[in-house]
Amino acid sequence: MFGILLRRLFEVVMFVLVVTFISFLFVRLAPGDPVLSILQVDDVSITTEQVNGLREELGFNEPLLLQYGQWFLNFIQFDFGRSYLTNQPVLKMIMSSLPATLELAIGGLLVMLVIALPLGSLAALYRGSLIDQLSRAVSLVGAAIPSFWLGLLLIDLVAVRLGALPTMGRDGLSTLILPSVTLGLAITSVYVRLLRSSLIDSLSQEFIRAARSRGISERRIFFSHAFRYSLPPVITVFGVSLGSLIGGVVVIEVIFAYPGIGKMVVDSIRSRDYPVIQGYLLIMAIIVFIVNSAVDVSYRYLNPELRLKERNQRKWS
């Protein structure tokens, strides 16, 4: 147990170092000059001395490695710096916007689960039936339609023509429905087909036939054995595709003017607000790491065979 914790701690340290350095390097090498954005050169006449003075004040004349070292020293003290534009602490800005993003991501996942779980399960149980054909159609349409186009379509149909829901903002459940449905439908297609194929493979296993031969009811076989056995591949794909889900949330927030972390970072990218971009990348990387670690832990619960292998390895080591 101590060895596992030590290995995890080492992975966390290496992960933070690699992610922070690569993201810092990419942000600094991206086109554009934050000094010109801060001074608003398009609207105000400025001198070369002002530009050089601000660049010196922000430390941009220092070597990149020195800039990264200074940023990292501040980071390990939980100081993410201040926004160039608003002069607010970056960590405070991210924490104030993160709840909106999380509730949107959870809403999208709930929509996905409500559609994918029953549809994928029924398609596996009744292969070749009408429900199976419906699952194929839902997967095909969901994979073919871009999320931004689906969002615009729902805004036009539900909000503008029917007037049933608001088009933008964050003001209770009514403003959460359309973005959540858009996000959920965009990610449902993958999980419907994946759950179907995984369940079909699970239902053909020998332990399922053995359970039937012992007279166990089909309902119990499905929920206690087949469905549980089919979950690891689905959870694996979820962990791997979490980055895409976060990217999808950013697009949805921009379309629906949802005041989450995605909209904030898009505005920061436009104005080359390096501290906010850097803080966003780091927070998202940490969330992805935590979710993937939780996925690894869930394997041991969902797959008894894995627990048995690890126990045997510890026994013989």
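Residues numbered from 1 in each chain as written. Predicted model: local features only at pLDDT ≥ 70, side-chain atom pairs only at ≥ 80, totals over all residues. Heavy atoms only, no water.

Section: unusual backbone geometry
(1) Moving on: Here the phi dihedral of F78 falls at roughly 60°; this positive angle occurs in a residue that is not glycine.
(2) Moving on: Structurally, F78 is set in the loop between α4 (64-75) and α5 (90-125).
(3) Moving on: The phi dihedral of N87 falls on the positive side, at around 65°, and the residue is not glycine.
(4) Moving on: Considering the arrangement of structural elements, one finds N87 in the loop between α4 and α5. (Helix = DSSP H or I, 4+ residues; strand = E, 2+ residues; numbered from the N terminus.)

Some words on the UniProt feature "transmembrane region" (unreviewed entry) in the protein chain
(1) Moving on: Taking the UniProt record as the reference, the feature "transmembrane region" (unreviewed entry) is found at residues 12-30, 104-126, 138-164, 176-195, 229-257 and 277-302.
(2) Moving on: A distance of 27 Å separates the end C-alpha atoms of residues 176-195, which is 100% helix and 0% strand. (UniProt positions renumbered as here; feature names shortened; annotations may be inferred.)

Re helix α7 (residues 147-161)
(1) Moving on: For α7, spanning 15 residues, the distance from its first C-alpha to its last is 20 Å, which sits close to the expected 21 Å at 1.5 Å a residue.
(2) Moving on: At I155, α7 is bent by approximately 25°, the largest bend along its length.
(3) Moving on: All of the buried residues along α7 are S147, L150, G151, L154, I155, V158 and A159.
(4) Moving on: G163, located one to two residues past α7, shows a positive phi value of around 65°. (Expected span 1.5 Å × (residues − 1). Bend = angle between axes of the 7 residues up to and from the residue. Buried < 20%, exposed > 50% of the residue type's maximum accessible area, 1.4 Å probe, protein only.)

Brief notes about the nonpolar core
(1) Moving on: Residues L104, L178, Y191, L199 and F227 are the most contacted members of the largest nonpolar core, which totals 31 residues.
(2) Moving on: At the level of elements, α5, α7, α8 (173-203), α10 (218-240) and α11 (242-255) are the ones that each hand at least two residues to this core.
(3) Moving on: Considering every element that reaches this core, the biggest residue donor is α8, with 9 residues.
(4) Moving on: In contact with L199, not counting residues within four places along its chain, are G120, S121, A124, F222, A226, F227 and S230. (Core = buried A, V, L, I, M, F, W, Y, C linked by side-chain atoms within 4.5 Å. Contact = heavy atoms within 4.5 Å.)

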